[in-house]
Amino acid sequence: LTLAVILAAVLGDMNFWYNMQPFYDIENLNTYPNINPSKEKGQQLMDAGRVFFANDARLDDKYAMGFKNLDLYCVAPIVDPKCKKNCGLDFWAVGMNCCSEDAADFRCGEFNNLHARSGLRLMRDDQRPFFRLAVQQAEAAYNIKATHPLFFYWMQDPVAEMNSYRDDGFKYYLLGIFTHFAFNLFCVVCAVVGFSKIGSQA
């Protein structure tokens, strides 16, 4: 019983922070459709959780950058290729360990999916400063300006991705319940067999 209580507290807490908390955080934020990344400003979409960009939006590899701090924090701007001047760079796709330190390449998320036009907001507070440093590094290297960068995981269906967090949370919850049930049943069977042998010897 003591082991069950300890494992329930530890594993339940881990399940909440890694699966259910990201789901709740994003669900509580707004969804924005048909956003032109070169016209909208980051400050206008501060409460964005899921963003569906305009059909022409794409990742711009030539401004991709990686910042190394044990892991490699990779960023690439989400842009409208038709924009010629006064194009904002406030929307950035992010990923970890999926780019090069010395080359402008970006292989994170669904970067090679031609149907990917959406972003799921980065909610990890511990990672955000390093992605911000990667953007600052890109600003210095390419002489560009990102006034108020927002970070997203680039994908085709952010709703399905968000729901997968919730599904994983329930899956591990049920796995914990049935694992303990099986372990508890095994202990009961062993106890019954043990006591029956003691009784027969007596």
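Everything discussed here concerns the structure shown above.
In this text, all values refer to a predicted model and were calculated from it rather than measured experimentally.

Draft legend 1. Inspection of the side chain of Arg-50 at higher detail. By the element assignment, Arg-50 lies in strand 2 (residues 48-53). No salt bridge is formed by the buried Arg-50. Its closest oppositely charged neighbour is Glu-27, at 6.8 Å. For Arg-50, the side chain forms a polar contact with the side chain of Thr-31, separated by 3.2 Å. Among residues more than four places away in sequence, those in contact with Arg-50 are Ile-26, Glu-27, Leu-29, Asn-30, Thr-31, Tyr-32, Gly-119, Leu-120, Pro-158, Val-159 and Met-162.

Draft legend 2. Fine view of the layout of surface pockets. Taken as a whole, the largest pocket holds about 590 Å³ of empty space. If you go around the largest pocket, you meet 20 residues; those closest to its centre are Leu-7, Ala-8, Leu-11, Gly-176 and Ile-177. Ranked by residue count, the leading element in the lining of the largest pocket is helix 3 (residues 158-201), at 10 residues. Considering only residue class, the lining of the largest pocket consists of 13 nonpolar, 7 polar and no charged. Its volume calculated, the second largest pocket comes out at about 410 Å³. Along its surface, the second largest pocket is lined by 16 residues, and Trp-17, Tyr-18, Pro-22, Met-123 and Arg-124 are the ones closest to its centre. Secondary structure elements with two or more residues in the lining of the second largest pocket: helix 1 (2-27), strand 6 (91-96) and strand 7 (118-121). For the lining of the second largest pocket, the element with the highest residue contribution is helix 1, accounting for 6 residues.

Draft legend 3. Expanded view of the nonpolar core. Core analysis: the largest hydrophobic core is formed by 23 residues, its most contacted members being Leu-45, Val-51, Phe-53, Ile-78, Phe-91 and Phe-106. When contributions to this core are tallied by element, the ones reaching two or more residues are strand 1 (30-35), strand 2, strand 5 (71-79), strand 6 and strand 8 (150-155). At 4 residues, strand 5 tops the list of elements feeding residues into this core. Leaving out residues up to four positions away in the same chain, Leu-45 has contacts with Tyr-32, Ile-35, Glu-40, Val-51, Phe-91, Arg-121 and Leu-150. Counting 16 residues, the second largest nonpolar core, distinct from the first, contains Phe-67, Tyr-73, Val-75 and Val-135.

Draft legend 4. Local environment of the environment of His-148. Residue placement: His-148 occurs in the loop between helix 2 (128-142) and strand 8. With a relative accessible area of 25%, His-148 lands in the partly exposed category. Remark: the alpha-carbon pair of His-148 and Gly-88, spanning 60 residues in sequence, is separated by 9.7 Å. If we skip the residues at most four places from it in the chain, His-148 touches Gly-42, Gln-43, Met-46 and Asp-90.

Draft legend 5. Spatial organisation of the pattern of salt bridges. In total, this model carries 8 salt bridges according to the counting rule given. Lys-82 is the salt-bridge partner of Asp-56, the closest N and O atoms lying 3.0 Å from each other. Remark: Lys-82 occurs in the loop between strand 5 and strand 6 and Asp-56 occurs in the loop between strand 2 and strand 3 (58-59); sequence separation between them is 26 residues. Since its relative accessible area comes to 36%, Asp-56 is described here as partly exposed.

Draft legend 6. View of the packing of aromatic side chains. Applying the stated criterion to the full structure yields 12 aromatic pairs. With a centroid separation of 5.3 Å and 80° between ring planes, the pair formed by Phe-16 and Trp-17 is classed as edge-to-face. Both rings, one in Tyr-73 and one in Phe-130, keep their centres 4.9 Å apart while their planes meet at 25°; by these two values the pair is stacked. Of this pair, Tyr-73 sits in strand 5 while Phe-130 is found in helix 2, placing the two residues 57 residues apart along the sequence. By relative accessible area, Tyr-73 is classed as buried at 7%. Assessed through its relative accessible area of 23%, Phe-130 is described here as partly exposed. Members of the aromatic cluster, connected to one another through ring pairs, are Phe-67, Tyr-73, Phe-130, Phe-131 and Phe-151. The ring of Tyr-172 carries Lys-171 above its face, with NZ or CZ at 5.0 Å from the centroid.

Draft legend 7. Region of the structure containing the side chain of Asn-19. On the secondary structure map, Asn-19 appears in helix 1. Side chain to side chain, Asn-19 and Asn-15 meet in a polar contact 2.9 Å long. Excluding residues that lie within four positions of it along the chain, Asn-19 makes contacts with Tyr-165, Asp-168, Gly-169 and Tyr-172.

Rules and cut-offs
The residue numbering used here restarts from 1 in each chain and proceeds along that chain's sequence as written. Residues qualify for local features only when their pLDDT is at least 70, as the model is predicted, and side-chain atom pairs are given and counted only at 80 or more; totals for whole chains, interfaces and linings, by contrast, use all residues. The side-chain quantities take in all heavy atoms of the structure and omit both hydrogens and water. Only DSSP runs of H or I reaching four residues or more are called helices, and only runs of E reaching two or more are called strands; each is numbered from the N terminus. Three exposure classes are used, based on accessible area relative to the maximum for each residue type with a 1.4 Å probe and protein chains only: buried under 20%, partly exposed in between, and exposed over 50%. For the charge count, each Lys or Arg is scored as positive and each Asp or Glu as negative, with His and the chain ends excluded. Note on definitions: salt bridges are taken to be side-chain nitrogens of Lys or Arg within 4 Å of carboxyl oxygens of Asp or Glu. Think of a polar contact as two N or O atoms within 3.5 Å of one another; within protein, one of them needs to be a possible hydrogen donor and the other a possible acceptor, and neighboring residues in sequence only count if both atoms come from side chains. Contact criterion: two residues are considered in contact whenever any of their non-hydrogen atoms come within 4.5 Å of each other. Only protein atoms enter the calculation, which uses a 1 Å grid: trapped sets of points that fit a 1.4 Å probe without letting it out are cavities, open sets showing protein on both sides within 12 Å along at least five of seven lines are pockets, and any residue with an atom within 4 Å of a point is a lining residue. Grid points are joined across faces, edges and corners, and a volume is the space filled by probe spheres set on the points. Under the scheme applied here, ten amino acids are nonpolar (Ala, Val, Leu, Ile, Met, Phe, Trp, Tyr, Cys and Pro), four are charged (Asp, Glu, Lys and Arg), and all others, including Gly, are polar. Take the buried Ala, Val, Leu, Ile, Met, Phe, Trp, Tyr and Cys residues and link them wherever side-chain atoms come within 4.5 Å; each set so joined is a nonpolar core. Here a pair means two rings of Phe, Tyr or Trp (six-membered ring of Trp) with centres within 6.5 Å. Their orientation is stacked below 30 degrees between planes, edge-to-face above 60, and tilted elsewhere. Counting as a charge over the ring demands two things of the Lys NZ or Arg CZ atom: a distance within 6 Å of the ring centre and an angle within 35 degrees of the ring normal.

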